[in-house]
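Fold and geometry: a report
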Amino acid sequence: MRTMIVTGTGTGVGKTVVTAAVAALAATAGERVVVVKPAQTGIAPGEPGDLADVERLTAGRVTTLELARYPEPLAPATAARRSGLPPLRIVDVERALAGVTADLVLVEGAGGLLVRLNDDGETLADLDLPVLLVATAGLGVLNSAALTAEALATRRRELLGTVVGAYPAGPDLAERTNLDDLPRVTGAPLLGVLPAELGGTDPGAFETAARCGLHPVLGGRWDATATVRQTPDRPTPRG
């Protein structure tokens with residue numbers, strides 16, 4: 001059983017889309033896939049969360065498991081404290097993963113790597129698992145990506161690589177050049193570039209885009225060396 005954490009350089013970077021893309025390609029290859037969401041925040045009981053998006057985009061071909069849910073859109077530790085609900089602990093995640101039977105298990109985090117699960121300071125980085133980093137391509141991402149890579153190295157955790165989760169159709173200078181720079185600052189390969197708005201497509205179109213946008217190690221056929229990058233004739237405005 002292969003298990004990996006999918007984390008991000010922040011919130012809203014496309015973690016769920018990347019998770020679903022990797023899951024969809026693995027399922028098509030005949031693998032049994034389980035997607036685990038340890039902590040879902042900002043969703044009321046009974047409302048569809050990130051795992052509902054995974055199920056829709058993969059046409060229900062993967063199994064999903066949510067361990068804890070908190071109604072306010074905050075870090076899990078804060079959301080648990082404010083709601084009065086029990087906080088999630090790493091031992092809970094480890095027990096849940098030990099009970100999973102699959103070929104591939106994807107553990108999708110909330111926000112970035114060091115987002116606290118509880119007031120004891122536990123994070124998903126406490127799991128001894130390899131990590132796939134999902135990033136934006138815009139200005140400022142290199143610092144966040146480098147800090148994530150450094151945190152993983154300090155904990156002796158493996159960074160498998162980075163996937164850009166929502167690449168715009170009309171990228172600016174920073175978004176173009178960061179495709180080259182992300183591997184440099186993280187010390188890990190760029191393993192894919194998925195287009196923005198991909199989460200709104202139907203499962204067939206989603207799988208096609210996933211196959212075109214993810215590296216072969218993730219089940220796709222994307223080739224970083226063949227990616228065309230054109231530099232605009234004027235610099236990106238600072239803001």
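Residues numbered from 1 in each chain as written. Predicted model: local features only at pLDDT ≥ 70, side-chain atom pairs only at ≥ 80, totals over all residues. Heavy atoms only, no water.

1. Here's the deal with the pairing of strand β4 (residues 104-112)
In terms of residue burial, β4 counts as a mostly covered element, since eight of its nine residues are buried. Inspection of the sheet shows strand β1 (residues 2-8) paired to β4 by six bridges, in the parallel sense. Bridge pairing in β4 places arginine 2 opposite leucine 104. Looking at chain direction, strand β2 (residues 33-41) and β4 are connected through four bridges and run parallel. The residue bridging valine 34 from the neighbouring strand is valine 105, located in β4. (Buried < 20%, exposed > 50% of the residue type's maximum accessible area, 1.4 Å probe, protein only. Helix = DSSP H or I, 4+ residues; strand = E, 2+ residues; numbered from the N terminus. Pairing = 2+ DSSP bridges.)

2. Things to note about the sheet that holds strand β6 (residues 159-167)
The parallel open sheet is built from seven strands, whose spatial order is β3-β2-β4-β1-β5-β6-β7. Pairing within the sheet leaves two strands with one partner each, and these edge strands are β3 (63-70) and β7 (190-195). Taken pair by pair, the neighbouring strands of this sheet meet at an average axis angle of 20°, ignoring direction. Where β2 lies against β3, seven bridges are found, and the strand directions are parallel. Considered in β3, the bridge of valine 35 is made with threonine 64. Set on the sheet, helix α1 (residues 15-28) makes contact with β1, β2, β4, β5 (131-135), β6 and β7; between it and β4 the angle comes to about 175°. (Axes fitted to C-alpha atoms, helices over the stretch in contact; angles between N-to-C directions. Contact = heavy atoms within 4.5 Å.)

3. With respect to the confidence of the model for the protein
Low pLDDT means the predicted atomic positions in that stretch should not be read closely. On average, the protein scores 93 in pLDDT, and the residues at 70 or more come to 94%. Scored below 50 in pLDDT, residues 228-239 makes 15 contacts in the model with residues more than four places away or belonging to other chains. (pLDDT = per-residue confidence, 0-100.)

4. Digging into the pattern of salt bridges
For the structure shown, the criterion picks out 13 salt bridges. A salt bridge links aspartate 119 to arginine 81, with the nearest nitrogen and oxygen atoms 2.8 Å apart. Taken together, the positions of aspartate 119 in the loop between β4 and β5 and arginine 81 in helix α3 (residues 76-83) put the pair 38 residues apart, joining distant regions of the chain. Judged by relative accessible area, which is 49%, arginine 81 ranks as partly exposed. Between glutamate 207 and arginine 211 there is a salt bridge; the shortest N-O distance is 3.1 Å. With a gap of four residues between them, glutamate 207 and arginine 211 both fall in helix α7 (residues 203-213), about one helical turn apart. (Salt bridge = Lys/Arg side-chain N within 4 Å of Asp/Glu carboxyl O.)

5. Observations concerning the pairing of β6
Across the nine residues that make up β6, a large majority, seven, are buried. Bridge count for β5 against β6 is five bridges, and the pairing is parallel. Bridge assignment links alanine 135 to a residue of β6, and that residue is valine 164. For the segment spanning β5, helix α5 (residues 141-154) and β6, crossover handedness is right-handed. Where β6 and β7 come together, four bridges link them in parallel fashion. Across the sheet, the residue bridging to threonine 162 is leucine 190, located in β7. (Right-handed = clockwise from strand over helix to strand, strands pointing away.)

6. Regarding the UniProt feature "binding site: ATP" (unreviewed entry) in the protein
UniProt's feature table lists "binding site: ATP" (unreviewed entry) at Gly12, Val13, Gly14, Lys15, Thr16, Val17, Asp50, Glu108, Gly109, Ala110 and Gly111, given in the numbering used throughout. For the residues just named, distributed over 100 residues, the greatest C-alpha separation is only 13.6 Å, placing them together at one site. The class for glycine 12 is exposed, based on a relative accessible area of 79%. Examined against the element boundaries, valine 13 turns out to sit in the loop between β1 and α1. The exposure class of valine 13 is buried, given its relative accessible area of 5%. Apart from residues lying up to four places away in sequence, valine 13 is in contact with Gly8, Val134, Ala135, Thr136, Gly165 and Ala166. (UniProt positions renumbered as here; feature names shortened; annotations may be inferred.)

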